[in-house]
Amino acid sequence: MTDGHEGVGGPYRSDDVGELVAIGPGRAKEARVGNELQEGQMTATQIAGDISPKLLQVIERAKRDPEVRFLSLAHLLDEELLTRAYHRLRKKAAAGVDGITKDEYGVDLASHISDLYSRLRGKRWRHQQILRVHIPKEKGRTRAIGLSCIEDKIVQSALAEVLGAVYEPVFKDISYGFRPGRSAHDALRPLNQALFAGEVNWILEADIEAFFDNIDRKLLMKILRERIADSSILRLIGKCLHVGILDGTQVIESDRGTIQGSALSPLLGNVYLHHGAPQSAIQLVGLEGVKA
């Protein structure tokens, strides 16, 4: 039995995401967002106070049952969600390979969103090539950033909002990177408390080199399938991952990694770290031999 609602994935059962539980709209108004947000990434206020009742149902279901596997999520990618994702983009959002700016896309926005929604629902949407630019860093080095087209950024951001509803409630409280309402300063507070209380004797700092570039996509999709059974959502995520990169005149195809600069990458990275490294963070960075 269905309740008549449809979305990108077609009809869905009303009991797929559980009953509606009210959450106050001002719940996270005072939360700081100290991380540098990726293009289209949500703030804490947007996650807790400016989302649809249908997404609130998903959040509450994920809180109640961290092991639940969601059967139907694609219907959440409706025109309202896509429009909200457009407005999350920065005013001066960089254009992608098609050269279309946010302002240009916003002319007759309702028509553009309606067309995008129709292509998503009809499985006719295709992610365009990503434009790679190189940002200067210290010591003459550069950092590669991928610029997606405005329309693709909208889809990435909308997908990140849906996946955030599924995964944010189950992420570890000790996780701070690219989390809404959290910053590096928030991570330092419990560390300072532990130090002053004499609970630790040493601190280990480790960096996962080129993390986003080296994510195993097959493992990532396997991890996602453990919580998500909606093939339409998984298909869209795959399209955001398996896309060519235009670097100058060269088109690069890769079977690893996610694109830095994508609104979806930080969320996928956190999912990968949370579920893909069950042994420990020490094993993840290759320090199994370190003794306390």
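Residues numbered from 1 in each chain as written. Predicted model: local features only at pLDDT ≥ 70, side-chain atom pairs only at ≥ 80, totals over all residues. Heavy atoms only, no water.

Caption draft 1: Representation of the sheet that holds strand 2 (residues 142-147) in the model. The mixed open sheet is built from 4 strands, whose spatial order is 2-1-3-4. Edge positions in the sheet fall to strand 2 and strand 4 (250-252), since each has one partner strand and no second. Across the sheet, the mean angle from the axis of one strand to that of its neighbour is 35 degrees, orientation sign disregarded. Looking at chain direction, strand 1 (residues 130-136) and strand 2 are connected through 6 bridges and run antiparallel. Across the sheet, residue Val 133 finds its bridge partner in strand 2, namely Ile 145. (Pairing = 2+ DSSP bridges. Helix = DSSP H or I, 4+ residues; strand = E, 2+ residues; numbered from the N terminus. Axes fitted to C-alpha atoms, helices over the stretch in contact; angles between N-to-C directions.)

Caption draft 2: Summary view of unusual backbone geometry. One non-glycine residue with positive phi stands out, namely Lys 123, at about 60 degrees. Tracing the backbone through its elements, the reader meets Lys 123 in the loop between helix 5 (109-121) and strand 1. For Lys 123, a relative accessible area of 43% gives the class partly exposed. Positive phi values are uncommon outside glycine, yet Phe 178 reaches one of about 55 degrees. Looking at the secondary structure, you find Phe 178 in the loop between helix 6 (150-167) and helix 7 (184-196). (Buried < 20%, exposed > 50% of the residue type's maximum accessible area, 1.4 Å probe, protein only.)

Caption draft 3: Region of the structure containing the side chain of His 75. By secondary structure assignment, the location of His 75 is in the loop between helix 2 (53-64) and helix 3 (79-88). Residue His 75 is classed as buried on the basis of its relative accessible area, which comes to 2%. A polar atom in the side chain of His 75 sits 3.1 Å from the side chain of Ser 72. (Polar contact = N/O pair within 3.5 Å; in protein donor to acceptor, adjacent residues only side chain to side chain.)

Caption draft 4: Region of interest: the pattern of salt bridges. Under the definition given, this model contains 11 salt bridges. A salt bridge links Arg 84 to Glu 80; the nearest nitrogen and oxygen atoms lie 3.7 Å apart. Note that Arg 84 and Glu 80 are positioned in helix 3 at a spacing of 4 residues, about one turn of the helix. Judged by its relative accessible area of 13%, Arg 84 falls in the buried class. A salt bridge links Arg 132 to Asp 247; the nearest nitrogen and oxygen atoms lie 3.9 Å apart. Placement of Arg 132 in strand 1 and of Asp 247 in strand 3 (residues 245-247) is noted, with a sequence separation of 115 residues between them. (Salt bridge = Lys/Arg side-chain N within 4 Å of Asp/Glu carboxyl O.)

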